Amino acid sequence: MCGIFGAVTPGADAAGIAALGVFSLQHRGQESAGIAVSDNGQLMLYKDLGLIAQVLDERRLPSLRGPLAIAHCRYSTTGSTIWENAQPTFRMSRGKSIAVGHNGNLVNTRELLARLEGGKSRLPATTDTELLTALLADDPSGDTVQALLNVLPHVKGAYSLAILDEKRVIGVRDPIGFRPLVLGRLEPAADDPRGKHSGGWVISSESAAIEVVGGTVVRDIEPGEIVILEEGKDPVSIRFAEGHEQLCVFELIYFGRPDSYMLGRNLYESRRRMGVALATEAPVEADLVMPVPDTGAPAAAGYAEGSGLPYREGMVRNRYSGRTFIQPSQGMRQRGVTVKLSPLREVVAGKRLIVVDDSIVRGTTTRQIVALLRKAGATEIHLRISSPPIHHPCFYGIDTQVETELIASTHSVDEIRDFVGADSLTFLSIGGVLSALDLPYDRFCFACFDGRYPVPVPYDTARHKFVLEDADGEPVSQGESAAMAANHPQPND
Ligand code: SF4
């Protein structure tokens, strides 16, 4: 995950629009934030660790003026959470400057590193984005678009990019289209004498952010497409590769905002329909249906609708407990999920519950939730998960566990049920997901569910995801790996 937003707004405050846009994408990354602005051929960059509102505050934004800007919020999949790894990245070469914001993960970094003159020592950060930025800046053409055309054929993996140079904001989507990227328009004011070019153009990871900044969604940027946005001009599209979209299905199941649209599907509606499909696939006698807040709510609403059972909120979520919450002590850390979620005794006591969530990764959070609900007096707990079991790691931008840490890779559904302490447990099938989305299998990446990776993953990239290694590359024991994983919070567990 990561959120990217770019804006070209002649005569207006592109930084403010890009900051508001990326603020609307905060759910995609909470570790760091940054913005790059171009004004009169000069690029300025500001980035830091923290949430967008902390990094791009009212003291910082007014100093970043100009008609072109890109912004980024980061959720790390390569490289640790240090200032150098925050984005956008920036490079100056041959008198030209570029800044890059990236959502995704490249799988052939070793191969790409071999193409970089001077190698690793030239990179101030440890991310795949820094490497890509250096390759683009080094390109002898000295032109950002030509550099993309020269470099991208060698790049493998997932990348939706927002790039800024002196004159342009450029959106790029990889040939598989793993991660979303949307083009939008800012309408000109009716009385502006400059006519249609007084409005502007934006690119965004998600459609909802375009609407938040007052824009209109034009279309998805296509897999294998480069879209060039320049002041006073209509967007220019260049195809750099034959594209066949296989969007990450997890974007629709869990990651994207419910008010966003992907592949023409509204995400709230998609999740509600997954809940309806789950009720058809896995009915059970119970008193009520409740979600694991917040992300399980649309599917729970669908399950209630499909089953005819009442929908209730049986837990409340502390809305200020983001993923970046730093537990100050080991004791606090052990409190785990209770920091985030509390059961509503009035709702759950004496009831047979159907508890709907979007996914199970390690199973530890689910186990705590089940224990909390039992302590609050629930008599039966039937877990219904609106996605299939996660058997395999992701290499395309979602930081799922190494394979041995994914509970479904080592346990049957019955064993998971026993581990989490539920009375019954059912996952939605891949067919159920597809029927809810009303789209064919080949429009999506389902690799973490079925292991069919759309882009082959080189061995050197893959091995650390199958067996957890220590800093020396040695496999670690299960106990050690659990401790390492506990220090690296996951999307759901
Ligand atoms: S492997 Fe899973 S999480 Fe990764 S892109 Fe594919 S569907 Fe999405």
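Our subject in this report is the structure included herewith.

Calculation criteria
- Residues numbered from 1 in each chain as written.
- Predicted model: local features only at pLDDT ≥ 70, side-chain atom pairs only at ≥ 80, totals over all residues.
- Near = placed C-beta within 6 Å.
- Helix = DSSP H or I, 4+ residues; strand = E, 2+ residues; numbered from the N terminus.
- Nonpolar A, V, L, I, M, F, W, Y, C, P; charged D, E, K, R; others polar.
- Buried ≥ 20, exposed ≤ 12 C-beta atoms within 10 Å, placed from the backbone.
- Pairing = 2+ DSSP bridges.
- Core = buried A, V, L, I, M, F, W, Y, C linked by C-beta atoms within 7 Å.
- Domains from an automatic or database assignment.
- Contact = placed C-beta atoms within 7 Å.
- Axes fitted to C-alpha atoms, helices over the stretch in contact; angles between N-to-C directions.
- Parallel < 35°, antiparallel > 145°, perpendicular 65-115°, else oblique.
- Left-handed = near helix turned anticlockwise from the far one by under 90°.

Focus on the site of the ligand
- Surveying the vicinity of the ligand reveals the residues F178, C248, V249, F250, C394, Y396, I398, C445, F446, A447 and C448.
- Contributing elements (two or more residues each) for the shell around the ligand: α7 (249–255) and α16 (447–450).
- By residue class, the composition of the shell around the ligand is 11 nonpolar, no polar and no charged.

What about the pairing of strand β10 (residues 200–204)?
- For β10, the tally of buried residues reaches 5 of 5 residues, placing the bulk of the element in the interior.
- Burial along β10 is two-sided: the residues G200, V202 and S204 and W201 and I203 are all buried.
- The pairing of strand β1 (residues 2–8) with β10 spans 4 bridges and is antiparallel. Opposite A7, over in β10, you have V202 as the bridge partner.
- Relative to β10, strand β9 (residues 182–186) runs antiparallel, the two being bridged by 5 bridges.

Describing the nonpolar core
- Of all hydrophobic cores here, the largest spans 139 residues; its most connected members are F5, A18, V22, I35, A69, I70 and V169.
- For this core, the element with the most residues is helix α1 (residues 14–23), which contributes 8 residues.
- Looking at which domains feed residues into this core, each of domain 1 (2–245) and domain 2 (270–440 + 462–486) gives three or more.

Topic: the environment of L437
- As for its placement among the helices and strands, L437 is situated in helix α15 (residues 430–437).
- Classification of L437 by C-beta neighbours within 10 Å gives buried; the count is 22.
- Setting aside anything within four residues of it in sequence, one finds L437 in contact with L252, R265 and S270.

Details of the packing of helix α8 (residues 267–281) against helix α9 (residues 297–307)
- The geometry of α8 relative to α9 is characterised by a closest axis approach of 6 Å and an angle of 45° between their N-to-C directions. Classified by the interaxial angle, the pair formed by α8 and α9 is oblique. Classified by chirality, the crossing of α9 by α8 is right-handed. Along its contact with α8, which presents Y268, R271, R272, R273, M274, G275, V276, L278, A279 and T280, the element α9 presents P298, A299, A300, A301, G302, Y303, E305, G306 and S307.

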